[in-house]
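# Summary of structural features
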Amino acid sequence: QVQLAESGGGLVQAGGSLRLSCAASGRTFGYYYIGWVRQAPGKEREFVAAISSSGGTTYYADSVKGRFTISRDNAKNTVYLQMNSLKPEDTAVYYCAVTRSRPTYESGYNYWGQGTQVTVSS
């Protein structure tokens with residue numbers, strides 16, 4: 001079992017910034033990637049970003065590249081998503097999740113957090 005707890009969501013105006021945090025616990029061994037996947041009401045889940053266990057490899061969706069930065073602090077078992085230049089279309093529930101492989105495919109994630117709401121007003 002892997003437990004994931006997201007935090008840091010909120011309401012911001014377009015152009016603003018937020019930093020999301022995801023604290024991982026439990027048996028995370030073997031889950032090489034932690035990623036962020038978002039879902040807006042009525043829309044499909046969308047891969048956002050992922051990072052390898054070492055922090056040496058990162059992945060980003062084209063829609064957020066250059067605006068979002070994923071990082072991790074292994075000492076704290078925490079992954080972060082720094083979101084800058086937020087747009088209304090970034091509004092969604094953001095989930096933290098883990099997978100053993102293929103981190104850019106949202107269908108491949110095995111464990112999920114409860115999500116944190118990000119709302120960007122225009």
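Here's what I pulled together on the structure shown here. Worth saying up front: this structure is predicted, and the values here are computed from it rather than measured. (Residues numbered from 1 in each chain as written. Predicted model: local features only at pLDDT ≥ 70, side-chain atom pairs only at ≥ 80, totals over all residues. Heavy atoms only, no water.)

We now examine the nonpolar core. Counting 33 residues, the largest nonpolar core has Trp36, Val48, Phe68, Val79, Leu81, Met83 and Tyr94 as the members making the most contacts within it. Put simply, the parts of the chain that give this core at least two residues each are β1 (2-7), β3 (18-26), β4 (33-39), β5 (46-52), β7 (68-73), β8 (78-83), β9 (92-99) and β11 (116-121). Excluding its chain neighbours within four sequence positions, the residues that come into contact with Val48 are Trp36, Val37, Arg38, Tyr59, Tyr60, Ala61, Val64, Phe68, Leu81 and Tyr94. (Core = buried A, V, L, I, M, F, W, Y, C linked by side-chain atoms within 4.5 Å. Buried < 20%, exposed > 50% of the residue type's maximum accessible area, 1.4 Å probe, protein only. Helix = DSSP H or I, 4+ residues; strand = E, 2+ residues; numbered from the N terminus. Contact = heavy atoms within 4.5 Å.)

Here we come to the layout of surface pockets. Estimated volume of the largest pocket: approximately 170 Å³. As for the largest pocket, its lining consists of Ala24, Ser25, Thr28, Tyr31, Tyr32, Ile34, Ser53, Arg72, Asn74, Asn77 and Val98. Across the lining of the largest pocket, the residue classes tally to five nonpolar, five polar and one charged. (1 Å grid on protein atoms, 1.4 Å probe; cavity = no way out; pocket = protein on both sides within 12 Å on 5 of 7 lines; lining within 4 Å. Points joined across faces, edges and corners; volume = space filled by probe spheres on them. Nonpolar A, V, L, I, M, F, W, Y, C, P; charged D, E, K, R; others polar.)

Here the focus is the state of the cysteines. This model, assessed by the stated rule, comprises one disulfide. Here Cys22 is linked by a disulfide to Cys96, with a sulfur-sulfur distance of 2.0 Å. In this structure, the disulfide formed by Cys22 and Cys96 twists by about -80° around the S-S bond and is classed as left-handed. Highlighted residues: Cys22 in strand β3 and Cys96 in strand β9, separated in sequence by 74 residues. What makes Cys22 buried here is its relative accessible area of 1%. Accessibility expressed as a relative area gives 0% for Cys96, which makes it buried. (Disulfide = S-S within 2.5 Å.)

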